[in-house]
Amino acid sequence: MQDDILIKKLLLTHDDPDGRRLDSEAMLHAVGNIMFHASTIVVHFTPFMHAVASNIYSASFQKNDVTEIETLGCCEPVGCIISKICKILCKCCGEGDINSRIMSLFDLIGKYSWDAKAVLVLAAFAARYGEFCQFIQLYPANTLAALIWRFKQMPCNLRSLKPQIKALSLLVKTMMDVAMCIIKFESLPLQHVELGNDIYLVTKSLVYEAVYWITRSSLACFSQVMDFTSKKHEQVHHSQRTGGCVSPRNRSLFSLIRVLIMEERNLHDRLLNLVHEEHIDNQKVLNLLFPSKNYLPLKHCSTQVKLGVSELNNKVVLLLISNPQLLTMEQLFLLVHQTCDHPFNERLKDSYKIVWVPLPSSDTWTDAEESSFNFLSDFLPWYAIQKPRLLSPAVVKYIREQWNYKDDPIMVTLDSNGKVTNFNALDMIKIWGAQAYPFSASKEAELWENQNLTMQLLLVDINPLLAYWVEQGKNICLYGSENMAWIQQFNDNITELKGAGLQLETIYVGNSRLGEHVKRIMARTDEINLSDPLSFTKVQFFWLRLESMRRSKLRIGKTPSCDHVLAELSALLDVDDKEEGWAVIGSGSSTDTFMLQGCSDGILKELSFVGRQDRQVGIVRCPKKLLRPYFSCRTLQSLLHSSLK
């Protein structure tokens, strides 16, 4: 048939899309698995084939076994359609016009995409060939298999099949390579291509032709296997027939690779131009980043529901970009706490969505990275890219270069029009949670404006009890040390002062280098009923938020020398005194707070001395000149408000 007539006939069998989707790549990997295991059986029983078949599929297609092929909108299970294809292939093995028989097969799969057509036909052949190889494996040791083998008069000496097996193995591998190329082409974001693009139009024609030749070659291979199970196994004429089908596919393959390279370059250019374009919504941007033709690109992690990017329309989108291991568990818990569990989230939950975009550490995914993604994406409360390993290299390059992703997690904010408003909102969310909506860089600067380092900022989003203390204006003392004797003495002295009328709530927070030693201290303080309203996880939240505060300040261009909040944060984070301790004292949203360091006797003597000097003013508002100089004292002018009562 002439190429133009062939293409016209193929297009006549191709019905308009009806919404059905097939995960073609997963199906092709399943075919590869069958062919890989089948080839190992053939090699075992025919050592002469070792050089040809033993590794022919393993390099490109050997993957973990595929147990579930995603199908959407299909009126019947994928196994049923494969069975129907097998029946047609079996009928087509007879005499008659081969093109007429092939067209009847295309009529059956008319509603599937072109890449799905190719892999479904390959799957039907692989199923038949796998059954044949299974018989080869079973008949020497299985009585039933041996009886069926003899009943069908199948060959006992497989050496006679050497030419056919060799030709079949090479041909199937070529068909799989071409099919993978078609899948990659069909998954390209076709909206980037001008309709009059000649290379694109020519390549589309080559796709139709390649699918035809895959189908025709699969029919030839199917006939070959049918001959294996009959008295025709002495004949080798089919090897010549199958070999003649290779050339057109090679031509298609090279052309498709060329177009793929061209499209990757065009996609990167389109992404670069996004910043200069105005959009009425975020759909064009999201479709550029996460294009998909044969599967929905997103999933809701906790429900596993597959979603399209249309679910994100008119919403602020937070792209959480990280490696497949995401974050440490305490950082992950804090992020969930500050989004899903934040008081503001209930009123904002339909206004923004978080989408996890995992990227591998190298150009390819490792098994460990895939396992980590599969595990985490099953229980996160956000959306995730369903198949991140299928992200276009152009998109990954754009994220790394234009969004400055360097393997440390970032959270890029896209507003409802798809415009980037913050290249990393991760720290502001850890600090303020959903209160930071719409998570733009301008909102981050606004939140820091006139913000002092108050107890309200430090504690309000960590624990409901602490939030209540802050709201009530209670006097709060944060303290830390790794010296258990210091902690015991400090608490004994505080208890004494409370008995004398001092109103003060104490909270042990260890230090910024939280480890097992601090965890043991917290367990010990629980046993002896010392003050400890925070769990170890919440103490981790406290220090993680402080670290985020420092990074956020540095990101907006502040320095410790010109920003007192940043200086005070650094002082608190850099405390390094294992033998003695420190305390920060303040209340509510007051800026009149101070930090003390040194021996517990010195700190408590000063508290007692200040209380005697001026009961009306109290500790927090007492003049700093009243603090005696025999131990270190640093004022933190941005922590809390009211005085001791």
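Residues numbered from 1 in each chain as written. Predicted model: local features only at pLDDT ≥ 70, side-chain atom pairs only at ≥ 80, totals over all residues. Heavy atoms only, no water.

## Thoughts on the overall build of the protein
- When helices and strands are counted, the protein shows 26 helices and 14 strands.
- Looking at the protein as a whole, 55% of its 645 residues are labelled buried.
- Summed over all atoms, the accessible surface of the protein reaches about 28,600 Å², with 51% contributed by carbon and sulfur. (Helix = DSSP H or I, 4+ residues; strand = E, 2+ residues; numbered from the N terminus. Buried < 20%, exposed > 50% of the residue type's maximum accessible area, 1.4 Å probe, protein only. Areas by Shrake-Rupley, 256 points an atom, 1.4 Å probe, with all protein chains shown as cover.)

## Let's talk about the pattern of salt bridges
- Across all of its chains, the model carries 13 salt bridges by this definition.
- Salt-bridge contacts for Asp407 lead to Arg400; the nearest nitrogen and oxygen are separated by 3.2 Å.
- What makes Arg400 partly exposed here is its relative accessible area of 23%.
- Arg555 is the salt-bridge partner of Asp427, the closest N and O atoms lying 2.7 Å from each other. With Asp427 in helix H18 (residues 426-432) and Arg555 in helix H24 (residues 536-555), this residue pair connects regions lying 128 residues apart in the sequence.
- Residue Arg555 is classed as partly exposed on the basis of its relative accessible area of 36%. (Salt bridge = Lys/Arg side-chain N within 4 Å of Asp/Glu carboxyl O.)

## Observations regarding the pairing of strand S5 (residues 316-322)
- Burial runs high along S5: seven of the seven residues are buried.
- Here S5 shows a buried face lined by Val316, Leu318, Leu320 and Ser322 and a second buried face lined by Val317, Leu319 and Ile321.
- Note: S5 against strand S6 (residues 352-358), seven bridges, orientation parallel. Across the sheet, the residue bridging to Ser322 is Pro358, located in S6.
- With five bridges connecting them, S5 and strand S8 (residues 410-414) associate as antiparallel partners. Note on S8: the bridge partner recorded for Leu318 is Thr413. (Pairing = 2+ DSSP bridges.)

## Details of the sheet that holds strand S3 (residues 298-300)
- Read from one edge to the other, the open sheet built from seven strands follows the order S4-S3-S7-S6-S5-S8-S9, with strand pairing classed as mixed. Edge positions in the open sheet fall to strand S4 (305-307) and strand S9 (420-422), since each of these has one partner strand only. Neighbour-to-neighbour, the strand axes of this sheet turn through a mean angle of 35°, independent of strand direction. (Axes fitted to C-alpha atoms, helices over the stretch in contact; angles between N-to-C directions.)

## A short note on a nonpolar patch on the surface
- A cluster of nonpolar residues, Met329, Phe333, Phe375 and Phe379, forms a patch on the protein surface that exposes about 420 Å² of accessible area.
- Structurally, Met329 is set in helix H14 (residues 329-339).
- With relative accessibility at 41%, the residue Met329 sits in the partly exposed group. (Patch = residues over 30% accessible without salt bridge, like charges linked within 9 Å, V, L, I, M, F, W, Y side chains within 5 Å.)

## Comments concerning the confidence of the model for the protein
- The predicted model of the protein has a mean per-residue pLDDT of 75, with 71% of residues at 70 or higher.
- Per-residue pLDDT stays below 50 along residues 48-67; that stretch engages in 52 contacts with residues further than four places along the chain or on separate chains.
- Taken as a whole, residues 233-244 scores under 50 in pLDDT and shows 25 contacts with residues more than four places along the chain or in a different chain. (pLDDT = per-residue confidence, 0-100. Contact = heavy atoms within 4.5 Å.)

## Digging into the pairing of S8
- With five of five residues buried, S8 is to be regarded as a mostly interior element.
- Residues Ile410, Val412 and Leu414 point to one face of S8 and Met411 and Thr413 to the other, with burial holding for every one of them.
- Strand direction decides the pairing type here: S8 and S9, joined by two bridges, are antiparallel. Within S9, the position partnered with Leu414 by the bridge is Val420.
- Hairpin connection of S8 to S9: five residues between the antiparallel strands, including Gly418 at a positive phi of 85°.

## Thoughts on helix H7 (residues 114-138)
- Between its first and last C-alpha, H7 extends 36 Å over 25 residues, near the 36 Å set by a 1.5 Å rise per residue.
- Buried residues dominate H7, accounting for 18 of its 25 residues. (Expected span 1.5 Å × (residues − 1).)

## Considerations on the packing of H14 against H24
- Interhelical geometry of H14 versus H24 gives an angle of 85° and a closest axis separation of 10 Å. The pairing of H14 with H24 is recorded here as roughly perpendicular in orientation. Of the residues in H24, those touching H14 at Glu330, Gln331, Phe333, Leu334, His337 and Gln338 are Gln540, Phe541, Leu544 and Arg545.
- In terms of residue class, the contact of H14 with H24 is made up of four nonpolar, four polar and two charged. (Parallel < 35°, antiparallel > 145°, perpendicular 65-115°, else oblique. Nonpolar A, V, L, I, M, F, W, Y, C, P; charged D, E, K, R; others polar.)

## So, the environment of Tyr398
- Within the fold, Tyr398 resides in helix H17 (residues 393-402).
- Residue Tyr398 is classed as buried on the basis of its relative accessible area of 8%.
- A C-alpha to C-alpha distance of 7.7 Å links Tyr398 and Leu272, two positions 126 residues apart in sequence.
- When neighbours within four sequence positions are excluded, Tyr398 is seen to be in contact with His268, Leu271, Leu272 and Trp403.

## Considering the packing of H24 against helix H25 (residues 564-573)
- The N-to-C vectors of H24 and H25 enclose an angle of 140°; their axes lie 10 Å apart at closest approach. Considering the relative orientation of H24 and H25, their crossing is left-handed. Every residue of H25 that contacts H24 at Trp543, Leu546, Glu547, Met549, Arg550, Lys553 and Leu554 is listed here: Val565, Leu566, Leu569, Ser570, Leu572 and Leu573. (Left-handed = near helix turned anticlockwise from the far one by under 90°.)

## Regarding the packing of aromatic side chains
- All told, the structure shown has 17 aromatic pairs when counted by the stated rule.
- Between Trp486 and Phe490, the aromatic rings sit 5.0 Å apart at their centres with planes inclined by 10°, giving stacked as the arrangement. Placement of both Trp486 and Phe490 in helix H22 (residues 484-499) is noted, with a separation of four residues, approximately one turn of the helix. As far as burial versus exposure is concerned, Trp486 and Phe490 are alike and both buried.
- Within the aromatic cluster, the residues linked to one another by ring pairs are Tyr479, Trp486, Phe490 and Tyr508. (Phe/Tyr/Trp six-rings, centres within 6.5 Å; stacked < 30°, edge-to-face > 60°.)

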